[in-house]
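Reading the structure
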Amino acid sequence: MANRFDYCPFDVRRFVMPPEDEVMGKTWQRLSRAHRANLENTRGLQRHDIKAKAVWNHVVEHIDYQGEPENYDKWQFPQETLQLGHGDCEDKSFLCVSLMVAAGIPADRIRVVVGILVSDVQSPRNQGHAWPMYRNSRGVWCILEPNIPHLPIEVRRTPAADIVVPPQIGRASCRERV
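Reference entry: report on the structure contained in this document. Bear in mind that the values here come from a model prediction, so they are computed numbers and not experimental data. (Residues numbered from 1 in each chain as written. Predicted model: local features only at pLDDT ≥ 70, side-chain atom pairs only at ≥ 80, totals over all residues. Heavy atoms only, no water.)

This brings us to the overall build of the protein chain. Along the protein chain, the regular secondary structure elements total five helices and eight strands. Within the protein chain, the proportion of its 178 residues that are buried is 40%. Considering only intrachain contacts with a sequence separation of at least 6, the fraction spanning at least 24 residues in the protein chain is 54%. Accessible area of the protein chain: about 10,400 Å², with a carbon and sulfur share of 50%. (Helix = DSSP H or I, 4+ residues; strand = E, 2+ residues; numbered from the N terminus. Buried < 20%, exposed > 50% of the residue type's maximum accessible area, 1.4 Å probe, protein only. Contact = heavy atoms within 4.5 Å. Areas by Shrake-Rupley, 256 points an atom, 1.4 Å probe, with all protein chains shown as cover.)

Following this line, the structure appears as structure tokens:
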């Protein structure tokens, strides 16, 4: 019997808007005005750190989390999420990454990860999840979890393999501030 998380039925890239998307561009322009002083006083890759934090903060504060019934998951395009003002994990992740693209953050510094959160409690419940990741100015990949107001969590690699393992939300041993 196949697990409902055995595959991702969509090409995730379809849900990330290109840099020339008008809605994402106008949204970023409004956001950047609020961070103008920080952006004007910062150069290089650290400027991208400020942009990523501004985008993450906007999505956390202005887009509500709204889950969907079990065994049903409709993926929204970022424009839909903006218009509705809510979405679930992948909807908010696609919006975060699309706004980072509109802000001029290079594609090699951002990702949307679709995976499974594994619980470590007595009766484990594995759950599908999506989250954006951003490689900051120091080269560290950070989880920009748009569903909780904690800024981001540095990822660690397993010693036996080159596999990125996201730490449990709220239980990370180190936090990376951007």
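This part is about the pattern of salt bridges. Counted under the stated rule, the structure contains three salt bridges. For the salt bridge of Lys26 with Glu22, the shortest nitrogen-to-oxygen distance reads 3.0 Å. Of the two residues, Lys26 and Glu22 both sit in helix 1 (residues 22-34), four residues apart, roughly one turn of that helix. Taking the shortest distance from any N to any O, the salt bridge between Glu80 and Lys74 comes out at 3.3 Å. (Salt bridge = Lys/Arg side-chain N within 4 Å of Asp/Glu carboxyl O.)

Interpretation note: all reported values are geometric properties and have no functional meaning in isolation.
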